[in-house]
Amino acid sequence: MAFANLGLHSQVVKAVAAAGYTSPTPVQAQAIPAALACGDLLVSSHTGSGKTAAFMLPCLHRLAESAAGNSPRVLVLTPTRELALQVAKTAETYGRFLKHLRTVCIVGGAPFFRQQQLLKQGADVIVATPGRLLDHLERGRIDLSRIETLVLDEADRMLDMGFIDDIELIVARIPSARQTLLFS
Ligand code: AMP
């Protein structure tokens, strides 16, 4: 199986090849076609299995397929700032051939005002930790009404860390007709 046969947009396949990967890992081979078919997914996979690309590539495919507006269309929630930064970097790596793709990372421990400025400039992909995202939401600094795909990365860890209430408040602000990809 090659990446080119998974049904991903050519600019996404090109970025994967530029990153040096030719064939998908098992979790990618299973999750990518299922996500491209627009189903909700519940995936159990460990760090190092290639799970980040397993959810990010279908998200980027969708962004590549249809015209970008100014509102975020993909939201990835992660339990930690470090993981969020890593996921945002992955979005940039595999989204490098998509025109005008904007990824914004919203995490605690970083200047709030700077994040607000970045959000104002528009974003396609938001990668966030729940607490800080909720701060922006409650202050009306971010609009999640156009989100098409919600990814919960390391969902089990987010629950262990007590983020359930924050996640429920965030999910209530996202359209219910969305795709949800849950990785644990
Ligand atoms: P993750 O499970 O997302 O933390 O990914 C672990 C590592 O696997 C990362 O360093 C990726 O760059 C790498 N990786 C992702 N996809 C592939 C692939 N198809 N083949 C080989 N390595 C990959």
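Above this note sits the structure.
None of the values given here were measured: they were computed from a predicted structure.

S.K.: Looking at this structure, I do not really get the nonpolar core. What am I missing?
M.R.: One recurring pattern in soluble globular proteins: nonpolar side chains tend to sit buried together. If you look at the biggest cluster of nonpolar residues, it comprises 37 residues, and the most contacted ones within it are F55, M56, L57, L60 and V76. If you list the elements that add at least two residues to this core, you get α1 (10-18), α2 (26-36), β1 (41-43), α3 (51-65), β2 (74-77), α4 (81-94), β4 (125-128) and β6 (179-183). Broken down by element, this core gets its largest block of residues, eight residues, from α3. Aside from chain neighbours lying at most four places away, what touches L57 is F3, L8, V12, V16, I32 and Y94. Formed by 22 residues, the second largest nonpolar core is a distinct cluster that contains I126, L134, I142 and M158.

S.K.: Can you help me understand the pattern of salt bridges in this one?
M.R.: As enumerated under the stated definition, the model contains five salt bridges in all. In this structure, the salt-bridge partner of K51 is E154, at a minimum N-O distance of 3.8 Å. Taken together, the residues span a long stretch of sequence, with K51 in helix α3 and E154 in the loop between β5 (149-152) and α7 (155-160) at a distance of 103 residues. The residues K51 and E154 share a single accessibility class, namely buried. Where E148 meets R73, a salt bridge forms, and the shortest distance between an N and an O atom there is 2.9 Å. Taken together, the positions of E148 in the loop between α6 (130-138) and β5 and R73 in the loop between α3 and β2 put the pair 75 residues apart, joining distant regions of the chain. You can call E148 partly exposed: its relative accessible area is 23%. You can call R73 buried: its relative accessible area is 6%. Among the charged side chains, a network of salt bridges with common partners joins K51, D153, E154 and R157.

S.K.: Explain the site of the ligand here, please?
M.R.: Taken together, F3, Y21, S23, P24, T25, Q28, T47, G48, S49, G50, K51 and T52 form the complete shell of residues around the ligand. Here a nitrogen atom of the ligand and a backbone polar atom of S23 are 3.0 Å apart. Contact with the protein chains removes 68% of the 500 Å² of surface that the ligand exposes when unbound. Along the lines of polarity and charge, the residues of the shell around the ligand split into three nonpolar, eight polar and one charged.

S.K.: Which parts of the structure should I look at to understand the packing of aromatic side chains?
M.R.: Aromatic ring pairs are reported here in terms of the distance separating the ring centres and the angle at which the planes meet. A full pass over the atoms with the stated rule returns one aromatic pair. On the basis of an interplanar angle of 65° and a centroid distance of 5.3 Å, the ring pair of F55 and F183 is categorised as edge-to-face. On the criterion of sequence distance, the pair formed by F55 in helix α3 and F183 in strand β6 is long-range, its members being 128 residues apart. Each of the two residues, F55 as well as F183, counts as buried. Sitting over the ring of F97, K14 keeps its end group 4.3 Å from the ring centre. A cation over an aromatic ring shows up here: R139 above the ring of F112, its NZ or CZ 4.3 Å from the ring centre.

S.K.: Even after reading the chapter, I still don't get the sheet that holds β6, so can you show me in this structure?
M.R.: Adjacent strands of a sheet pair through backbone hydrogen bonds, lying either parallel or antiparallel. What the six strands build is an open sheet, ordered β1-β6-β5-β2-β4-β3; its pairing is parallel. Edge positions in the sheet fall to β1 and β3 (103-106), since each has one partner strand and no second. Strand-to-strand, the axes of this sheet are offset by a mean angle of 15°, without reference to chain direction. Note that β3 and β4 share four bridges and pair parallel. Bridged to C105 within β4 is V127. Lying on the sheet, α3 is in contact with β2, β4, β5 and β6; it crosses β6 at an angle near 165°.

Conventions and cut-offs
- Residues numbered from 1 in each chain as written.
- Predicted model: local features only at pLDDT ≥ 70, side-chain atom pairs only at ≥ 80, totals over all residues.
- Heavy atoms only, no water.
- Core = buried A, V, L, I, M, F, W, Y, C linked by side-chain atoms within 4.5 Å.
- Buried < 20%, exposed > 50% of the residue type's maximum accessible area, 1.4 Å probe, protein only.
- Helix = DSSP H or I, 4+ residues; strand = E, 2+ residues; numbered from the N terminus.
- Contact = heavy atoms within 4.5 Å.
- Salt bridge = Lys/Arg side-chain N within 4 Å of Asp/Glu carboxyl O.
- Near = heavy atom within 4 Å.
- Polar contact = N/O pair within 3.5 Å; in protein donor to acceptor, adjacent residues only side chain to side chain.
- Areas by Shrake-Rupley, 256 points an atom, 1.4 Å probe, with all protein chains shown as cover.
- Nonpolar A, V, L, I, M, F, W, Y, C, P; charged D, E, K, R; others polar.
- Phe/Tyr/Trp six-rings, centres within 6.5 Å; stacked < 30°, edge-to-face > 60°.
- Lys NZ or Arg CZ within 6 Å of the ring centre and 35° of its normal.
- Pairing = 2+ DSSP bridges.
- Axes fitted to C-alpha atoms, helices over the stretch in contact; angles between N-to-C directions.

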